[in-house]
Amino acid sequence: MAAGGNNRSRLLLVILLVTSLFLITLDLRGVSITKNSRSATQTLLAPVQRGVSDLFSPVGNFFSDIKNFGNTKDQLKNLKKENAKLRKKVIFNKDIAGELKKLKNVLDLAGRGSYKVVSARVIGKGSSSTFSQTITIDAGSNDGVKKDMTVMGELGLVGVVKSATSTSAIVLLMSDPTFRIGVRIARSQSIGVLMGEGDNTYTLQLLDPSGSIEVDDVLLSLGSDNNKPFVPGLPVGYVKSVKNTSATLTQEANVKSYSNLSSLGIVSVIIKSTNGGPKDALIPRPTPTPTTTVYVTQQPTPEASPSESSKAKN
Amino acid sequence: MSWSRAGFSALILFFFFVIQESAISKIDFPISGFSLYLCALLGLMALEDRFGAIALGFIGGFILDLSPSTDSPFGKWALILTLIGYLFSRNRESIGDFTERPIAFILFVSAGATATLIIFLIFGLILGENNGSALSNLQTVFGNGLWTLLFSSILLPGLVKLRSFTLTSRERL
């Protein structure tokens, strides 16, 4: 029996080996049946492969992910470092962009006033314990900055140079209680003295008892001899409210400055001004407020038919 | 080996072939890939008698020849696995019943998978195929043997149970 079984197996082996060799020969001779059978299998498998691919994709990279775990950790660390650097850069860029905007506005205002200016960055602020309102700028006598020069911001007057070294200067802000500046009201050409009060509010005292002050009156600097310490025509502030005091001979008003002294980044020191100043060229123009127009079209209401109204009555 | 069992075994093998082609081949195994199909085929062959192992080797090889990803000539796998089937059955007889000796079964299948790939490479050399560098071939052979050793312990018990459904009552005895 065993010998018979062995013979049967041997015969099968020979037949199958010959068949295999025959198939190989056919394939090597380029018979299309063998080629087509593979493409048919591909056609059959393709939908299954597509379906399994979506399902299997997270598992597919499991081993390689484990293998690369250390690398991924390092990569993550490097990316975190890079991210922190980029964040710093973004903040720096934002800061630069803000400064550029301010500088543009300052130069724009100086240009309109035909002032020759030296722009500087605010590098320090006076301690509040000294009770004086000052800032330190990074431009000094080497840049042409001298004592008693007018300092302007993007919207108007900021202060006056108190002292200057070769590379920096200290500016007395207009909010300082000791600060005094001669101003004129653009509307009525009345002149007066503006005084700092230590915060963002100022007091205007008119010199002419018959002069008039109104709310929102624009105040411009009057100017000094040889433009020192103040150049003429620079916007200073606007009248916020008028004080009604019958006890004083002159009229007084509360004024708000154009410059926001708490957020100064870039300022310009006016080195030279044209003769006579810019007159009223620097008066801030009111920005037009957009108005919303709403059109309402009345929809025709359908009148109830007599039958419907009778039904309603019932 | 009855015709019905041969057909059923072919179906099982085709099922494993589809899994291999669509899922297992997509896994990026370390060292080298794992052939689930080869593991299943060798497991089934090891449980057959000489006639059945040779027949199953040819059927399994023929199915593997259908693989669109293979570059070898059609019939090469059939030839190799027929030979492996014969060699398997010859050696299997000296070991005895694998269902009672699972470790020997696993080792046998793993060794068979390694031997199959080595014979495949040798035949490739004879036919003048370019199979890449010796080192990468060695890595493939070793890796596949290793993964077969690991996964066959999970796969083979299930395969034995699956095969038992295909046996007639006479074959069970």
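Structure shown above.
Rules used throughout
- Residues numbered from 1 in each chain as written.
- Chains lettered and ligands numbered in written order.
- Predicted model: local features only at pLDDT ≥ 70, side-chain atom pairs only at ≥ 80, totals over all residues.
- Heavy atoms only, no water.
- Pairing = 2+ DSSP bridges.
- Helix = DSSP H or I, 4+ residues; strand = E, 2+ residues; numbered from the N terminus.
- Axes fitted to C-alpha atoms, helices over the stretch in contact; angles between N-to-C directions.
- Contact = heavy atoms within 4.5 Å.
- Buried area = accessible area lost by both parts, 1.4 Å probe.
- Salt bridge = Lys/Arg side-chain N within 4 Å of Asp/Glu carboxyl O.
- Polar contact = N/O pair within 3.5 Å; in protein donor to acceptor, adjacent residues only side chain to side chain.
- Nonpolar A, V, L, I, M, F, W, Y, C, P; charged D, E, K, R; others polar.

Please clarify how the sheet that holds strand 12 (residues 266-272) of chain A should be interpreted in this entry.
Within a sheet, neighbouring strands are paired by backbone hydrogen bonds and run either parallel or antiparallel to one another. Residues and elements named next belong to chain A. Strand order in the closed barrel made by the six strands is 1-2-5-4-3-12, with antiparallel pairing throughout. In this sheet, neighbouring strand axes are inclined to one another by 45° on average, regardless of whether the strands run parallel or antiparallel. By the bridge criterion, two bridges tie strand 3 (residues 150-152) to strand 12 in an arrangement that is antiparallel. Bridging from a neighbouring strand, Met152 pairs with Ser268 of strand 12.

How should I be thinking about the sheet that holds strand 11 (residues 252-257) of chain A in this particular structure?
All names here are of chain A. The strand order around the closed barrel formed by six strands is 6-7-8-11-10-9, and the pairing between neighbours is antiparallel. Here the strands of the sheet are splayed against their neighbours by 40° on average, with no regard to which way each runs. Across five bridges, strand 6 (residues 180-185) lies against strand 7 (residues 191-196) in antiparallel orientation. Residue pairing across strands places Ile181 opposite Leu194, the latter belonging to strand 7.

What am I meant to see in the interface of chain B and chain A here?
By a widespread convention, an interface's size corresponds to the accessible area lost as its parts come together. Every contact between the two is made by 35 residues of chain B and, on the other side, 31 residues of chain A. Here chain B meets chain A over a buried area of about 3,000 Å², counting both sides, of which 74% is carbon and sulfur. Per-residue buried area on chain B facing chain A is highest for Phe51, Phe74 and Leu79 of chain B; these three make up 21% of the total on that side. Linking chain B with chain A are zero salt bridges. Viewed at the interface, chain A and chain B are joined by four residue pairs in polar contact (both at pLDDT 80 or more). When residues of the side of chain B that touches chain A are traced back to their parent elements, those giving at least two are helix 1 (3-22), helix 3 (50-65) and helix 4 (76-95) of chain B. Class assignment for the residues of the side of chain B that touches chain A results in 22 nonpolar, six polar and seven charged.

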